[in-house]
Amino acid sequence: MPEAYARPEPSLIPILRPRCPLCQGRMMLIRIEPRQNGADLRTFECSTCEHIYNVLAEDPTKSTEA
Ligand SMILES: [Zn+2]
């Protein structure tokens, strides 16, 4: 097992890979676009049916402590 598995990127912790709304398959994170106020627009793609799914993730350091 690669060492990277034990130390995931902090930015990958707050959001889990969603299930595809069409086929319930695992979706892969293919792009992260920085937005205002520390939010990220994360684009997922289904590895099974290639459905695209966007999630706007707010800055976890602000949302969890407030
Ligand atoms: Zn799918």
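Residues numbered from 1 in each chain as written. Predicted model: local features only at pLDDT ≥ 70, side-chain atom pairs only at ≥ 80, totals over all residues. Heavy atoms only, no water.

Participant: Break down the sheet that holds strand S3 (residues 52–57) for me, citing the residues and quoting the values.
Facilitator: Spatial strand order, S1-S2-S3: 3 strands in an open sheet with antiparallel pairing. The sheet is open, and its two edges are formed by strand S1 (27–34) and S3, each paired on a single side. Strand-to-strand twist of the sheet, defined as the mean angle between neighbouring strand axes without regard to direction, takes the value 25°. Relative to S3, strand S2 (residues 40–46) is paired through 6 bridges, and the arrangement is antiparallel. Across the sheet, the residue bridging to Thr43 is Asn54, located in S3. (Pairing = 2+ DSSP bridges. Helix = DSSP H or I, 4+ residues; strand = E, 2+ residues; numbered from the N terminus. Axes fitted to C-alpha atoms, helices over the stretch in contact; angles between N-to-C directions.)

Participant: Mind laying out unusual backbone geometry, listing which residues take part and the relevant values?
Facilitator: For Asn37, which is not glycine, the phi torsion reads 60° and is therefore positive. The topology assignment puts Asn37 in the loop between S1 and S2. Of note in this structure, Glu50 is not a glycine but carries a positive phi near 65°. Among the secondary structure elements, Glu50 is positioned in the loop between S2 and S3.

Participant: Can you lay out the coordination of the zinc ion for me, pointing to particular residues and giving the numbers?
Facilitator: Listed as protein donors to the zinc ion are Cys20 (SG), Cys23 (SG), Cys46 (SG) and Cys49 (SG); their distances from the metal cover 2.3 to 2.4 Å. Expressed as a motif, the donor residue spacing for the zinc ion is C-x2-C-x22-C-x2-C. Given the relative accessible area of 1%, Cys46 is considered buried. Of the residues examined, Cys49 reaches a relative accessible area of 35% and is grouped as partly exposed. (Donors = N, O, S within 2.8 Å, 3.2 Å for Na, K, Ca; no water. Buried < 20%, exposed > 50% of the residue type's maximum accessible area, 1.4 Å probe, protein only.)

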